[in-house]
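Listed here are the chains, written in short residue letters.
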Amino acid sequence: MNENEPKKPGGIYSKKVMEHFMNPHNWGRMENPDGVGKVGNPICGDVMWIYIKVEDNRIVDISFETFGCVAAIATSSITTDMVKGKTVEEALEITNKAVANALDGLPPNKMHCSLLAEEGLKAAIEDYIAKKKGKKQDNQKQEK
Amino acid sequence: MIYLDNNATTSAYPEVVEAMLPFFTEKFGNPSSLYELAQQQKDAIESSRQKVAEILGVQPKEIVFTSGGTEAVNTAIIGSALAQQEKGKYIITSKIEHKAVLETCKFLQKYLGYEITYLSVDSSGVIDLDELKNSIRSDTVLVSIMYANNETGVIQPIQEIGKIVKQANVPFHSDVVQAIGKIPVNLSELGVDYASISGHKFHGPRGIGILYRRKGAPFTPLIRGGAHENKMRAGTENTPGIVGIATALEIASREINNKMPEIEKLRDRLQQRILDEIPEVIVNGGTAPRVPNTLNIAIKYVEGEAMLFLLDNEGILASSGSACTSGSLEPSYVLLAMGLDHATAHGSLRFSLGKDNTQQQIDKVVDVLAPIVQKLRNMSPFCPDELKK
């Protein structure tokens, strides 16, 4: 974060963080998702659920539900923007640093929120892969 | 701007600033010097001490001006403990004290081998007198219990605690920082041996506080280097601050009867409207006696910092029990001690009203808060579907 940038509005947060916090993108529960990632811990005050819809190995839709602070909501929002339209492999390459950079930085004590976003996304993709495998196995069983 | 964070700090009364100003410029002498310029200072300090003592129901010689509430607390606890090392090294306090008390106790524990008992509180935030009685031992050197809690406004039964402690012949300190200017405080009637007060919590200046030490109570000074403050606190006196805190105390004490009832009505209105218009809200400490200006609410399924920023965006300044504002991950230890679960504690807000709030402002807070809560609940994985819109 540039030290000289005016901090307002939002005090400790960048303008970009506040934009995403004030008007988050892709929020809300998803009907029939292909994968769900549930990460975080209420003890720390941040819980993030990421929903994805995958078609032909591409994440065509993504949404989040987050209980958490400004940074948690902003990282959820920007992560959904970054992921939408990407292939599963491309999405797996997104790191928490990339998420934080896309928000023009996070205060040091809020970096864990970006980690949560990375973990939430990965968990959703893992869930998708596991479900796909399960379906395949189910199909194979049925064929037998 | 709608300022609802008066338990954090307050604006100074204009009369306070006016009273202080000459002591920065024309009346600047060092009170310890002998010439007339110094005497003016000494007179101002002593008449301030007189005024403060009278309002608090104690003797002027029992009043020590400090650099603030934190120094007063540190001095009371350490000064009392060190003077009684022959008696023992055991202190009783509570889980909901301000960090100034808790950290000072921890310091004695870590560096000087003291043993500390932290009394628990019930769900309304009040300590259990039986637990206190059972915790007192022959080597107890101090009991330190706050009067009003900074987060919830909950008032502890200080007079009853004082009686129990006195019977056991143990000195008693009370952090009365959040009570001053909100409820009447007569230190003699409260039965405390030490009390700590902070100027900026009742429209006085920062950087000035008061330590009350009952005459004869065990004590050794913490700050050393001169005979100032009746040999209880060294350092050239902060004359503008002393004049300022005395002026503020005078006005604030008067306003307890004039302005505080109005503030209480506004607080009650805020509480009632929030309860009526936002589902699943708990008033933290709502069933205990509270100071009239404080409202602490837990709003389920949402997190405090997010609410604070959205309120701030509408010009409403409050504070939260969430960890996020303090930088640690743990939410308010006060609310956890009252039995709230972590998520609910994270979703708590504190509104502490003050002299400049109006009904129009209070109504605006509710009008703004309800949609903010709805917006965040819509995004929350914990929120049941029937509450989402």
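Here is what the cut-offs are and how they apply
Residues numbered from 1 in each chain as written. Chains lettered and ligands numbered in written order. Predicted model: local features only at pLDDT ≥ 70, side-chain atom pairs only at ≥ 80, totals over all residues. Heavy atoms only, no water. Helix = DSSP H or I, 4+ residues; strand = E, 2+ residues; numbered from the N terminus. Buried < 20%, exposed > 50% of the residue type's maximum accessible area, 1.4 Å probe, protein only. Contact = heavy atoms within 4.5 Å. Areas by Shrake-Rupley, 256 points an atom, 1.4 Å probe, with all protein chains shown as cover. Lys, Arg positive; Asp, Glu negative; His and termini not counted. Charge placed at Lys NZ, Arg CZ, Asp CG, Glu CD. Disulfide = S-S within 2.5 Å. Pairing = 2+ DSSP bridges. Axes fitted to C-alpha atoms, helices over the stretch in contact; angles between N-to-C directions. Domains from an automatic or database assignment. Buried area = accessible area lost by both parts, 1.4 Å probe. Polar contact = N/O pair within 3.5 Å; in protein donor to acceptor, adjacent residues only side chain to side chain. Nonpolar A, V, L, I, M, F, W, Y, C, P; charged D, E, K, R; others polar. Salt bridge = Lys/Arg side-chain N within 4 Å of Asp/Glu carboxyl O. Parallel < 35°, antiparallel > 145°, perpendicular 65-115°, else oblique. Left-handed = near helix turned anticlockwise from the far one by under 90°. Expected span 1.5 Å × (residues − 1).

Caption draft 1: Molecular detail of the overall build of chain A. In terms of regular secondary structure, chain A is built from five helices and three strands. Mapped from its N terminus to its C terminus, chain A presents α and β elements in the order α-β-β-β-α-α-α-α. Projected onto its principal axes, the C-alpha coordinates of chain A cover approximately 65 × 30 × 20 Å. Here chain A holds 144 residues, and 47% of them are scored as buried. For chain A, the proportion of contacts with a sequence separation of at least 24, taken over those separated by at least 6, is 59%. Total accessible area computed for chain A in this model is approximately 7,300 Å², and 50% of it derives from carbon and sulfur atoms. Positive and negative charge centroids in chain A, built from 20 and 21 side chains respectively, lie 2 Å apart.

Caption draft 2: Seen up close, the state of the cysteines. Going through the model one piece at a time under the given rule, you end up with zero disulfides over all chains. Counting only cysteine sulfurs, C69 of chain A is the nearest neighbor of C113 of chain A, a cysteine outside any disulfide, at a range of 3.9 Å. Left unpaired, C383 of chain B is separated from the closest cysteine sulfur, that of C69 of chain A, by 18 Å.

Caption draft 3: Focus on the sheet that holds strand β3 (residues 90-94) of chain B. Residues and elements named next belong to chain B. Read from one edge of the open sheet, seven strands run β2-β8-β7-β6-β5-β3-β4, paired in mixed fashion. One side of each edge strand has no neighbouring strand; the edge strands of this open sheet are β2 (63-66) and β4 (115-119). Averaged over all adjacent pairs, the angle separating strand axes in this sheet is 20°, with direction ignored. In the sheet, strand β7 (residues 194-198) pairs with strand β8 (residues 209-213) via five bridges, with the strands oriented antiparallel. Across the sheet, the residue bridging to S198 is G209, located in β8. Docked against the sheet, helix α2 (residues 36-56) engages β2, β7 and β8, running at close to 115° with respect to β2.

Caption draft 4: Layout of the sheet that holds strand β1 (residues 35-41) of chain A. All names here are of chain A. In space, the three strands of this open sheet follow the order β1-β2-β3, with antiparallel pairing throughout. The sheet terminates laterally at β1 and β3 (58-67), the two strands that pair on one side only. Pairs of neighbouring strands in the sheet enclose a mean axial angle of 15°, with direction left out of account.

Caption draft 5: Representation of the domain arrangement of chain B within the structure. Residue and element names in this part refer to chain B. When cut into domains, chain B gives domain 1 (14-251) and domain 2 (257-384). A straight line from the C-alpha centre of domain 1 to that of domain 2 covers 29 Å. In this assembly, domain 1 packs against domain 2 so that about 1,800 Å² is buried in total across both faces, 63% of it on carbon and sulfur atoms. Interface area lost by domain 1 to domain 2 is led by E151, T152 and K182, which between them contribute 36%. Between domain 1 and domain 2 we count seven residue pairs in polar contact (both at pLDDT 80 or more) in total. For the side of domain 1 that touches domain 2, the per-class residue count stands at eight nonpolar, 11 polar and six charged.

Caption draft 6: The pattern of salt bridges, seen in detail. Counting across every chain of the model gives 25 salt bridges over all chains. It is possible to trace a salt-bridge network through shared partners that takes in R269, R273, E277, D363 and D367 of chain B.

Caption draft 7: Molecular detail of the packing of helix α11 (residues 304-313) of chain B against helix α14 (residues 359-379) of chain B. Residue and element names in this part refer to chain B. Two elements in contact, α11 and α14, have axes separated by 10 Å at closest approach and are oriented at 135°. It follows from the interaxial angle that α11 and α14 lie oblique. For the crossing formed where α11 meets α14, the hand is right-handed. Seen from α11, the contacting residues are A306, M307, L310 and L311; seen from α14, they are V368, L369, I372, V373, K375 and L376. Partitioned by chemical class, the residues of the contact of α11 with α14 number nine nonpolar, no polar and one charged.

Caption draft 8: Geometry of helix α2 (residues 70-83) of chain A. Compared with the 20 Å implied by 1.5 Å per residue over 14 residues, the 20 Å span of α2 of chain A between its first and last C-alpha is a close match. Note on α2 of chain A: the residue one or two positions beyond its end, G85 of chain A, has a positive phi of about 90°.

Caption draft 9: Region of interest: the interface of chain A and chain B. Contacts between the two partners involve 27 residues from chain A and, on the opposite side, 27 residues from chain B. Taking both sides of the interface into account, the surface hidden between chain A and chain B amounts to around 2,200 Å²; carbon and sulfur atoms contribute 66%. The residue E65 of chain A makes a salt bridge to K388 of chain B at a minimum N-O spacing of 2.3 Å. Viewed at the interface, chain B and chain A are joined by 10 residue pairs in polar contact (both at pLDDT 80 or more). The element contributing the most residues to the side of chain A that touches chain B is β3 of chain A, with four residues. When grouped by side-chain class, the residues that make up the side of chain A that touches chain B number 17 nonpolar, six polar and four charged.

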